[in-house]
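Summary of structural features
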Amino acid sequence: MILSKNNLKLLFVFGALSIASTAFAEVEVVKTKADTNREVAMTYAQIYVEQKLFDEAETALQLSLKNDGENGSILNFLGLIQLQQKNYSQACYSFQTASIVFQDVQNRIFALYNLADCLHQGGRKKESINVLKDLMHKEEGVSDSAEKALELIDAGIITSGSPLPPYQKRSRGQFRLTGAFSAGFDSNVLLVEEAVAAGTAVKDRGSFYYSPTLQFGFLGRLFDQTFDLRLISAYTGYVASNATSYNNIYNRLDLYLGSNTIRWDLFSDVVLLNSGSFAVYNYDIGLMWQRFKKVDANHVWTYELPVKYQKFILPSSTTTLNDRSGADVQAKLTYRSSWSENESLTLGGALDTQYSVGANYRLSGLAFPISVVLELPGFSSLGLLNTFSGELNGQLYWQSDLNRRDYSYKFGTGLIWPALEGWNIGLDFYYMKNNSNLDAATYSKGVTSFLLSHNFL
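Just so you know, these numbers come straight off a predicted model, no measurement behind them. (Residues numbered from 1 in each chain as written. Predicted model: local features only at pLDDT ≥ 70, side-chain atom pairs only at ≥ 80, totals over all residues. Heavy atoms only, no water.)

**Thoughts on the pairing of strand 12 (residues 405-417)**
Keep this limit in mind: In this scheme, strands are said to pair when DSSP sees at least two bridges between them. Strands are runs of DSSP state E lasting at least 2 residues, helices are runs of H or I lasting at least 4, and numbering of each runs from the N terminus.
Note: strand 11 (residues 385-396) against strand 12, 12 bridges, orientation antiparallel. Looking at the pairing, Q395 lines up with D406 of strand 12. Of the pairings in the sheet, the one linking strand 12 to strand 13 (residues 423-436) comprises 12 bridges and is antiparallel in character. When the bridges of strand 13 are listed, I416 appears paired with G426.

Rendered as structure tokens:
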């Protein structure tokens, strides 16, 4: 939960009213000295927060608790200040104590949601989910915040360490912005065939590259369903003069709509290639049905059925037989098993059928990807992760005049380090070999990449 100036003012008013409204049966409410002291402490804490003097604000509230005993509003406000400073252990304790001290049901629910938010931001995802599941029943008829938060976590929209949406009856829109920069070396940008590559220097077929990327997202509600809009744009530039024609701009738009079990995705891709000047090389538009099936908290199956139409803008000299434009239908199945907060195994399978305008590119293919993420032994305290990936592919071009058949394999490894809050550093290497009954389609390459990313919102 983002602690804005307006939220703190609202919490201050809410807390003050809560303190002042303690009633006894058929007895007139009388403000005690303790009530007055707490109001003064809340006022001073609010002033300190507005000046970003968080230590002073925390001291004022702690002094109130010491002198006048535990109070739900004071504890909840204290927790929010501690959460703002990323003191997760202390903040979670404050929220948990507030949920016990509060007598009013709505106040108790509010404190419990803050506790779930604190646990989630502090990397204690499973504990956060347990609190939300319990809260979902308590808040029935009052709010649906816990239910919606669980949907977003199950769908992978809210990742571990991220804040939950603000507590409310209907989730307001949330903007997200992520930036990334990658750079590295591709040993065969030109995809020189194997027989020729053996006698060609790496500098004549490979290149260093750099790629800045920006992703914008908006998360909200539409037709009483989760609405997730994502737009990604990336530029890839190659340093070698003989590879600059492969410089490209990639754009992707996804519009997800649905619950945590079934979602629909309207998507589109546009690629601009540097053919003398940047121009559209190909684009597509499609619709995907996606379903998640949880075996338990650590094992999830994902089913996907994307259908799209793709268009390639080819030179006028290209014959109709080689036009790759047309329809593409896929069926994908993914299994993910997580045995810790950061460690997981992902297995997948995909069947792809493409019916293009040109008969030479009508194909059916199978793909079997696998990835493993492990904590690096001896570096678990740093959060350093080791990744391993592999993939087998096969493609049959069933109407090709050359009876083309391809199969390829790819394997790689890398390191991921969440260096600071919202920052990730990565190092990755993969090797790929494509085999074909056509010599011109037989090639291999190795790619080394360095990645730096940051979540701005």
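**As for helix 6 (residues 105-121)**
What counts is decided by this rule: How far a helix is expected to stretch is found by multiplying one less than its residue total by 1.5 Å. Type-normalised accessible area, obtained with a 1.4 Å probe on protein chains alone, sets the label of each residue: buried when under 20%, exposed when over 50%, and partly exposed for intermediate values.
Under the 1.5 Å per step criterion, the end-to-end length of helix 6 is 24 Å for 17 residues, consistent within 8% with the ideal 24 Å. Extensive coverage of helix 6 is indicated by the burial of 14 of its 17 residues. With its phi angle positive at about 85°, G123 sits one or two positions after the end of helix 6.

**Considering the state of the cysteines**
Selection criterion: Throughout, disulfides are identified as pairs of cysteine sulfur atoms within 2.5 Å of each other.
Following the criterion strictly, the structure yields 1 disulfide and no others. Two residues, C92 and C118, share a disulfide whose sulfurs are 2.3 Å apart. Disulfide C92-C118: torsion about the S-S bond near -110°, hence left-handed. Placement of the pair is C92 in helix 5 (residues 88-101) and C118 in helix 6, with a sequence separation of 26 residues. You can call C92 buried: its relative accessible area is 5%.

**Brief notes about the pattern of salt bridges**
Pairs may arise between side chains of opposite charge once their charged atoms sit close together. To be explicit about the condition: By definition, a salt bridge exists where a carboxyl oxygen of Asp or Glu is found within 4 Å of a side-chain nitrogen of Lys or Arg.
Tallying each qualifying case throughout the model produces 11 salt bridges. Where R230 meets D228, a salt bridge forms, and the shortest distance between an N and an O atom there is 2.8 Å. A residue is classified by how much of its surface remains accessible, and R230, at 23% relative accessible area, is partly exposed. On the basis of relative accessibility, which here comes to 0%, the residue D228 falls in the buried class. Close ionic contact of K308 with D284 constitutes a salt bridge, the shortest N to O distance being 3.8 Å. On the criterion of sequence distance, the pair formed by K308 in strand 7 (residues 299-312) and D284 in strand 6 (residues 277-296) is long-range, its members being 24 residues apart. You'll find K308 and D284 in the same group, each marked buried. A network of salt bridges, in which partner residues are shared, links R252, D254, D265 and D269.

**Considering the confidence of the model for the chain**
Let me state the cut-off plainly: Each residue carries a pLDDT value, the predictor's own confidence for that position, ranging from 0 to 100. Throughout, a contact is declared for two residues whenever any of their heavy atoms are within 4.5 Å.
Confidence along the chain averages 84 in pLDDT terms, with 88% of residues attaining 70 or more. Averaged pLDDT values for the elements of the chain fall to 36 in helix 1 (residues 5-20) and rise to 97 in strand 9 (residues 344-356). Every residue in residues 1-31 is under pLDDT 50, and counting partners more than four places away or in other chains gives 50 contacts.

**Topic: the packing of helix 5 against helix 6**
The following threshold applies: Every axis corresponds to a line fitted to the C-alpha atoms, with the helix fit spanning only the stretch in contact, and the corresponding angles, defined between N-to-C directions, vary from 0 to 180 degrees. When describing relative orientation, an angle under 35 degrees is termed roughly parallel and one over 145 degrees roughly antiparallel, while 65 to 115 degrees is termed roughly perpendicular and anything else oblique. Take the far helix as your reference; a near helix turned counterclockwise from it by less than a right angle gives a left-handed crossing, and one turned clockwise gives a right-handed crossing. Put simply, Ala, Val, Leu, Ile, Met, Phe, Trp, Tyr, Cys and Pro go in the nonpolar bin, Asp, Glu, Lys and Arg in the charged bin, and everything else, Gly too, in the polar bin.
Running from N to C, helix 5 and helix 6 cross one another at 160°; their axes reach a closest spacing of 8 Å. It follows that helix 5 is roughly antiparallel to helix 6 by the angle criterion. Read as a crossing pair, helix 5 and helix 6 show a hand that is left-handed. Facing Y88, A91, C92, F95, Q96, A98 and S99 of helix 5, the residues of helix 6 in contact are R108, A111, L112, N114, L115, C118, L119 and Q121. Its residues placed into classes, the contact of helix 5 with helix 6 shows 10 nonpolar, 4 polar and 1 charged.

**Here's the deal with unusual backbone geometry**
Comment: phi is negative for the bulk of residues other than glycine, and the bulk of peptide bonds are trans. Positive phi, normally seen in glycine, also occurs at L191, with a value near 55°. Residue placement: L191 occurs in the loop between strand 1 (174-186) and helix 9 (194-197). Phi is positive for N403, which is not a glycine, with a value near 50°. By the element assignment, N403 lies in the loop between strand 11 and strand 12. Among the residues examined, N403 registers a relative accessible area of 45% and is labelled partly exposed.

**A few points about the packing of aromatic side chains**
Applied cut-off: Only Phe, Tyr and Trp rings take part, Trp by its six-membered ring, and two of them pair if their centres are within 6.5 Å. Stacked means planes under 30 degrees apart, edge-to-face means over 60, and tilted covers everything else. The criterion for a charge sitting over a ring is simple: Lys NZ or Arg CZ within 6 Å of the ring centre, and within 35 degrees of the ring normal.
In this structure the tally under the stated criterion is 15 aromatic pairs. Each member of the aromatic cluster is reached from another via a ring pair, and the members are F175, F216, F218 and F227. The aromatic ring of Y361 is capped on one face by R324, whose charged end is 5.3 Å from the ring centroid.

**Examining the nonpolar core**
Our working rule: Definition used in this section: a nonpolar core is a set of buried Ala, Val, Leu, Ile, Met, Phe, Trp, Tyr and Cys residues joined via side-chain atoms within 4.5 Å.
Core analysis: the biggest nonpolar cluster contains 29 residues, and F95, Y113, L115, C118 and L132 have the highest contact counts within it. The set of elements that each furnish at least two residues to this core consists of helix 4 (72-84), helix 5, helix 6, helix 7 (125-138) and helix 8 (145-154). Here this core gets 8 residues from one element, more than from any other, and that element is helix 6. Counting residues in hydrophobic clusters, the runner-up holds 15 residues, among them M42, V49, L61 and I81.

**Thoughts on helix 8**
Among the 10 residues that make up helix 8, 8 are buried, leaving the element largely enclosed by the rest of the structure. All of the buried residues in helix 8 are S145, A146, K148, A149, L150, E151, L152 and I153. Two residues or fewer after helix 8 comes G156, characterised by a positive phi angle close to 80°.

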